[in-house]
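Survey of secondary and tertiary structure
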Amino acid sequence: MDPPPPTIPSEADKEANQVRFETELEFVQCLANPFYLQSLAQQGLLADEAFLNYLTYLKYWHQPSFARFIQFAASSPFRSLSPLC
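All of the points below concern the structure found in this document. (Residues numbered from 1 in each chain as written. Predicted model: local features only at pLDDT ≥ 70, side-chain atom pairs only at ≥ 80, totals over all residues. Heavy atoms only, no water.)

Let's shift gears to the pattern of salt bridges. Side-chain pairing between opposite charges can occur once the charged atoms of the two side chains come close. Within this structure, the stated rule accounts for 2 salt bridges. Between Glu-11 and Lys-14 there is a salt bridge whose closest N-O contact spans 3.6 Å. Placement of both Glu-11 and Lys-14 in helix H1 (residues 11-30) is noted, with a separation of 3 residues, approximately one turn of the helix. You can call Glu-11 exposed: its relative accessible area is 59%. (Salt bridge = Lys/Arg side-chain N within 4 Å of Asp/Glu carboxyl O. Helix = DSSP H or I, 4+ residues; strand = E, 2+ residues; numbered from the N terminus. Buried < 20%, exposed > 50% of the residue type's maximum accessible area, 1.4 Å probe, protein only.)

Next comes the structure, spelled out in C-alpha cells:
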C-alpha cells in the first residue's frame with residue numbers, strides 16, 4: 001500500500017509556523033542577555049522541569065540550518081545552558 005500523499009499546509013498553518021519560529025528565535029536571542037537569565041533564575045524557572053524541557057527542545061537552534069538566523073553573536077551563551085538540560 002502506498003503512503004498517503006503529503007498534505008499542503010494551509011495559509012493559517014504557514015502563518016502559525018512563522019509566528020512560532022519568530023517567537024522561538026526571539027527567545028533564544030534573549031538568552032544571551034545576562035539580566036534576562038538572572039530574572040529567569042530569580043523566578044525559579046531554571047529549576048522548573050517544564051522550562052528545562054523547553055530549553056532541551058530549543059537545542060534544535062544549534063543546527064546550522066537554524067543557527068544561521070541568530071543575529072546576535074552574543075546569543076552563544078544559550079549554548080552554555082545545555083548542561084542545565
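Our focus in this paragraph is the packing of aromatic side chains. For the structure on display, the rule yields 10 aromatic pairs. The interplanar angle of 40° and the centroid separation of 5.3 Å between the aromatic rings of Phe-21 and Trp-61 together place this pair among those described as tilted. Pair noted here: Phe-21 is in helix H1 and Trp-61 is in the loop between helix H3 (49-57) and helix H4 (64-67), with a separation of 40 residues, a long-range link. Assessed through its relative accessible area of 21%, Phe-21 is described here as partly exposed. (Phe/Tyr/Trp six-rings, centres within 6.5 Å; stacked < 30°, edge-to-face > 60°.)

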